[in-house]
Amino acid sequence: IMGLNIKTPDYDTYEKVYDPLYITLVEDNYEIGFKGLVLLCNYFGLSYQEFRVVVSILFSVCVVFASRKLSLYPNYLLTLLLIWPFLPGVSGLRQTLANAVMLCGIPHLAYDDKKHLIKYVIWILLAWSIHQSALFYLLFILGKREFGNKEVRYIVYATVGGICILG
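Reading the values: rules and limits
Residues numbered from 1 in each chain as written. Predicted model: local features only at pLDDT ≥ 70, side-chain atom pairs only at ≥ 80, totals over all residues. Heavy atoms only, no water. Helix = DSSP H or I, 4+ residues; strand = E, 2+ residues; numbered from the N terminus. Buried < 20%, exposed > 50% of the residue type's maximum accessible area, 1.4 Å probe, protein only. Contact = heavy atoms within 4.5 Å. Areas by Shrake-Rupley, 256 points an atom, 1.4 Å probe, with all protein chains shown as cover. Expected span 1.5 Å × (residues − 1). Phe/Tyr/Trp six-rings, centres within 6.5 Å; stacked < 30°, edge-to-face > 60°. Lys NZ or Arg CZ within 6 Å of the ring centre and 35° of its normal. Patch = residues over 30% accessible without salt bridge, like charges linked within 9 Å, V, L, I, M, F, W, Y side chains within 5 Å. Salt bridge = Lys/Arg side-chain N within 4 Å of Asp/Glu carboxyl O. Axes fitted to C-alpha atoms, helices over the stretch in contact; angles between N-to-C directions. Parallel < 35°, antiparallel > 145°, perpendicular 65-115°, else oblique. Left-handed = near helix turned anticlockwise from the far one by under 90°. Core = buried A, V, L, I, M, F, W, Y, C linked by side-chain atoms within 4.5 Å.

Draft legend 1. Seen up close, the overall build of the protein chain. On a plain count of helices and strands, the protein chain comes out with 10 helices and 0 strands. Starting at the N terminus and ending at the C terminus, the protein chain contains elements arranged as α-α-α-α-α-α-α-α-α-α. Looking at the protein chain as a whole, 39% of its 167 residues qualify as buried. Within the protein chain, counting contacts between residues at least 6 apart in sequence, those at least 24 apart form 57% of the total. Summed over its atoms, the accessible surface of the protein chain is roughly 10200 Å², and 68% of this surface lies on carbon and sulfur atoms.

Structure below.
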């Protein structure tokens, strides 16, 4: 339903951005992951409406994956995840997809080893490549456990570096 909707508040804007010349030459406000997805779908000759279907499929795959990892009752969580984002997700394609990608990383916060922490950060960076607001989810690391001075410095450096990159 998200992919087949033809009139939403942002529809015309995203349709204009879907033009490969526009997104590569004119518009530099879109993140590299979203630009890459647009260019990939353009490469395969998909229409804008088909692009919306691809985004919806990616969203659904991420939500199914996350619901299976996050809950003992994945069908209940899947129902909530697929119903709630429908209204805002119909319009905000990038934000909705970035949030779904972020959900795939959340299960890694349940572990205390560095391997899972790195996987979480990779998921967040992938979401950030779609919508820059996803960088906010790096703060979830702070709520996970206590950090020493060295780790706090790394987090501050990463945050300042991220802000500089965004700026």
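Read on for the rest.
Draft legend 2. Quick peek at helix H4 (residues 48-70). With 23 residues, H4 should cover 33 Å at 1.5 Å per step; its first-to-last C-alpha distance of 32 Å lies within 8% of that length. Within the span of H4, buried status applies to Tyr 48, Gln 49, Phe 51, Arg 52, Val 55, Ser 56, Phe 59, Cys 62, Val 63, Ala 66 and Ser 67.

Draft legend 3. Structural view of the packing of aromatic side chains. Counted by the stated rule, this structure contains 11 aromatic pairs. Of the aromatic side chains, those joined through ring pairs into one cluster are Tyr 14, Tyr 18, Phe 34, Tyr 48 and Phe 51. Over the ring of Phe 34 we find Arg 94; its NZ or CZ atom is 5.9 Å from the centre of that ring.

Draft legend 4. Layout of a nonpolar patch on the surface. On the surface, a cluster of nonpolar side chains totalling about 490 Å² of accessible area is made up of Val 152, Tyr 154, Val 156, Tyr 157 and Val 160. Within the secondary structure, Tyr 157 is located in helix H10 (residues 149-166). Look at Tyr 157 and you get exposed, because its relative accessible area is 54%.

Draft legend 5. Here's a closer look at the packing of H4 against helix H7 (residues 93-105). Interhelical geometry of H4 versus H7 gives an angle of 25° and a closest axis separation of 8 Å. Our classification of the angle between H4 and H7 gives roughly parallel. Judged by the sense of rotation from one axis to the other, the crossing of H4 with H7 is left-handed. Contacts from Tyr 48, Phe 51, Arg 52, Val 55, Leu 58, Phe 59, Cys 62, Val 63, Phe 65, Ala 66 and Leu 70 in H4 reach Leu 93, Thr 96, Leu 97, Ala 100, Val 101, Leu 103 and Cys 104 in H7.

Draft legend 6. Just the nonpolar core, in detail. Core analysis: the biggest nonpolar cluster contains 37 residues, and Phe 34, Tyr 48, Phe 51, Met 102 and Tyr 120 have the highest contact counts within it. Mapped onto this core, the elements with two or more residues apiece are helix H1 (11-17), helix H2 (20-26), helix H3 (32-43), H4, helix H5 (74-83), H7 and helix H8 (114-128). Sorting elements by how many residues they give to this core places H7 first, with 8 residues. Each residue touching Tyr 48, except ones within four places of it in the same chain, is listed here: Tyr 11, Tyr 14, Glu 15, Tyr 18 and Leu 93.

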